[in-house]
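Spelled out, the chains give:
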Amino acid sequence: MASAFEYAPAPESRSVVDIAPSYGLFIDGEFTEAAEGKVFKTVSPSTEEVLSEIAQAGEADVDRAVKAARKAFVKWSALPGSERAKYLFRIARIIQERSRELAVLETLDNGKPIKETRDADLPLVAAHFFYYAGWADKLDHAGFGANPRPLGVAGQVIPWNFPLLMLAWKIAPALATGNTVVLKPAETTPLTALFFADICRQAGLPKGVVNILPGYGDAGAALVAHPDVDKVAFTGSTAVGKEIARTVAGSHKKVTLELGGKGANIVFDDAPIDQAVEGIVNGIFFNQGQVCCAGSRLLVQESIHDELLDSLKRRLSTLRLGDPLDKNTDIGAINSEEQLSRITSLVDQGEAEGAERWSPACELPSAGYWFAPTLFTNVTQAHTVARDEIFGPVLSVLTFRTPDEAVAKANNSAYGLSAGVWSEKGSRILAVANKLRAGVVWSNTFNKFDPTSPFGGYKESGFGREGGRHGLEAYLAPSSPEGER
């Protein structure tokens, strides 16, 4: 893209990570072949290069992993919290020691820029394990009753947009509370989960406490439906979340679902324009917009619409799209050909419905899956691009005149995961935030995360909370009467 400065290439070296030609499933502390012998290939989205061949889990493998987790649960849950904490602290430190290797691997397998994996994802991954390690011996004081007990085996299914971070969100609280885990990573991004399996062995984690099953949706469905799974945790699409809710309905399983979003970023006329523009860019173009809580709807007060839009377009013209391993890159590759096709289809539909499309001058690489940052103006609430989660670098711009209108438009969505409010008046921010039906509301910033803060949504964005003290609750049950388990 056009820039006032020329940037020399600054690629991160691939030599820091050694990717094996093939990987097995991680069950009961060992890497093993799939029962049916099936494999699939994982591809780098930026080059379409095959990175490795991965064993594909099936129903028999799920059963084997759940049995290993159930067996390990007996001793793991009986450990004092202080002993479980030692393992979590050890895992956190190893993640820090191997952070450069893991950041490069995540960028290769996912397509996001190295500066995001290096500066955002990996520090947060380690922080989650450190945080929940601190809770492991303090569960009596977490607010969930005296001597709360673990549930048993947690079946966890994670998405491809933040593979290692979503793993940390799921596994860290589960282990801290004494549960064991069977986790299925997304089929397009299995590598960091498999490297995490190696970290578990390096940390001396007892066999069977963590099991990793790469595979497709059938493996995830088998895990969710398995009768010996006590807790289901899922992050992904709303459609799949609804299927999971139907599957577990009427069973003993506890469930948390963190699903889609269509976050509103509200900018009032007294907001600092330059600061707001940076927040808007971070809110929708971070990780190519492949973020469930992305600020994909920009609601701007009419009186500053033109000024803010001009500033936003200037800023987008300076973004650098290209090699995700280059430390200068702002916009990386779309995760898969399937996701690129979905983004393209929804954007074409937006144009067909009459919204005005704009993108900065941008040369897309010839290989890989790429989509230029895109703005839509003249958007109404009836437009598809204002209603549907696109999950790509696409921003829909709407206007409002009064705070009440801003709130009404922000809440006019099937989703309720995130929102942002930009204003110099704290009283206005608080008044608006209290009326927004969103699980998290950012004030004069966007996409800020901390392991101490709970995260989750309303409506079709799911239910339950992950992170913070609240994130423990989904993995705990009240203490049983004496003598009962």
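Residue positions within a chain follow its written sequence, with the count starting from 1. Per-residue local features are limited, in this predicted model, to residues with pLDDT of at least 70; the limit for side-chain atom pairs, both in listing and counting, is 80 or more; totals at the level of whole chains, interfaces and linings are taken over all residues. Based on all heavy atoms of the structure, the side-chain values leave hydrogens and waters out of the count.

If you check an unreviewed UniProt entry, the protein chain appears there as Betaine-aldehyde dehydrogenase from Streptomyces populi. In its Sequence similarities (unreviewed entry) section, the UniProt record describing the protein chain reads: "Belongs to the aldehyde dehydrogenase family." UniProt positions are given in the numbering used here, feature names are shortened, and annotations may be inferred rather than shown by experiment.

Exposed residues in this analysis have more than 50% of their type's maximum accessible area, buried residues have under 20%, and partly exposed residues fall in between, with area computed by a 1.4 Å probe over protein chains only. A run of H or I in DSSP counts as a helix once it spans at least four residues, and a run of E counts as a strand once it spans at least two, with each numbered from the N terminus. The buried count for strand E13 (residues 297-301) comes to five of five residues, which makes it a mostly enclosed element. Because side chains alternate across E13, one face comprises the buried residues Arg297, Leu299 and Gln301, and the other comprises Leu298 and Val300, equally buried. Strand pairing is assigned whenever DSSP identifies at least 2 bridges connecting the two strands. Sheet topology note: the strand E12 (residues 264-267)/E13 ladder contains four bridges and is parallel. Paired with Val267 across the strands is Val300, a residue of E13. One crossover worth recording links E12 to the parallel E13 by way of helix H9 (residues 273-285), and it is right-handed. For a crossover, the right-handed case is the one in which the path from the first strand over the helix to the second runs clockwise, viewed with the strands pointing away from the viewer.

All right, on to the pattern of salt bridges then. The working definition used for a salt bridge is a side-chain nitrogen of Lys or Arg within 4 Å of a carboxyl oxygen of Asp or Glu. Tallied over the full model, the rule gives 31 salt bridges. When the shortest N-O distance is used, the salt bridge between Asp330 and Lys115 registers 2.5 Å. Here Asp330 is found in the loop between helix H10 (305-316) and helix H11 (337-352), whereas its partner Lys115 is found in helix H4 (residues 114-135), with 215 residues between them in sequence. One network of salt bridges, in which partners are shared, links Asp269, Asp270, Lys425 and Arg428.

Attention now goes to the packing of helix H1 (residues 59-78) against helix H7 (residues 217-225). For helices, the axis comes from a line fit to the C-alpha atoms of the stretch in contact; other axes are also lines fit to C-alpha atoms, and the angle between any two N-to-C directions lies between 0 and 180 degrees. Put simply, H1 and H7 touch, their axes get as near as 9 Å, and they point 40° apart. Put simply, H1 runs oblique to H7. You can see that H1 and H7 cross each other, and the crossing is right-handed. Along its contact with H1, which presents Glu59, Val62 and Val66, the element H7 presents Ala219, Ala222 and Leu223. The residue classification treats Ala, Val, Leu, Ile, Met, Phe, Trp, Tyr, Cys and Pro as nonpolar and Asp, Glu, Lys and Arg as charged. All others, Gly included, are polar. Per-class residue counts for the contact of H1 with H7 are five nonpolar, no polar and one charged. Here roughly perpendicular refers to angles of 65 to 115 degrees, roughly parallel to angles under 35, roughly antiparallel to angles over 145, and oblique to all remaining angles. With the far helix as reference, a near helix turned anticlockwise by less than a right angle produces a left-handed crossing, and one turned clockwise produces a right-handed crossing. Any two residues having at least one pair of non-hydrogen atoms within 4.5 Å are treated as being in contact.

By secondary structure assignment, the location of Thr329 is in the loop between H10 and H11. The class of Thr329 is buried, set by a relative accessible area of 5%. Throughout this description, a polar contact denotes any pair of N or O atoms lying within 3.5 Å of each other; where both atoms belong to protein, one of them has to be capable of donating a hydrogen while the other can accept it, and for residues adjacent in sequence the pair is counted only when both atoms sit in side chains. Polar contacts involving the side chain of Thr329 include one to the main-chain carbonyl oxygen of Asp323, which spans 2.7 Å. When near neighbours in sequence (up to four residues on either side) are disregarded, Thr329 contacts Pro113, Lys115, Arg320, Gly322, Asp323 and Pro324.

On to the packing of helix H2 (residues 81-97) against H4, then. Where H2 meets H4, the closest approach of the two axes is 8 Å, and the angle between their N-to-C directions is 165°. One element, H2, and the other, H4, form an angle in the roughly antiparallel class. Here H2 runs over H4; the crossing is left-handed. Mapping the contact onto sequence places Ala85, Leu88, Phe89, Ile91, Ala92, Arg93, Ile95 and Gln96 in H2 and Leu122, Val125, Ala126, Phe129, Phe130, Tyr132, Ala133 and Gly134 in H4. Split by residue class, the contact of H2 with H4 holds 13 nonpolar, two polar and one charged.

How two aromatic rings sit relative to each other is set out by the distance from centre to centre and by the angle between their planes. Pairing of aromatic rings covers Phe, Tyr and Trp, the last counted by its six-membered ring, and requires centre-to-centre distances within 6.5 Å; plane angles under 30 degrees mean stacked, over 60 mean edge-to-face, and any other angle means tilted. Taken as a whole and assessed by the stated rule, the structure comprises 15 aromatic pairs. On the numbers, 6.1 Å between centres and 50° between planes, the contact of Phe89 with Phe130 is tilted. With Phe89 in helix H2 and Phe130 in helix H4, the pair connects residues that are 41 residues apart, well separated along the chain. The partly exposed category is assigned to Phe130, whose relative accessible area is 25%. Of the aromatic side chains, those joined through ring pairs into one cluster are Trp169, Trp442, Phe446, Phe449 and Phe455. Placement of a charge over a ring requires the Lys NZ or Arg CZ to be within 6 Å of the ring centre, with the centre-to-atom vector within 35 degrees of the ring normal. Above the plane of the ring of Tyr475 lies Lys231, whose end atom (NZ or CZ) is 4.8 Å from the centre. Here Arg465 stacks its cationic end above the ring of Tyr458, 5.2 Å away from the centre of that ring.

With respect to burial, strand E10 (residues 231-235) is a largely interior element, five of its five residues being buried. The pairing of E10 with strand E11 (residues 254-258) spans five bridges and is parallel. For Ala233, the partnering residue across the bridge sits in E11 and is Thr256. Following the chain from E10 across helix H8 (residues 238-248) to the adjacent parallel E11, one finds a crossover that is right-handed.

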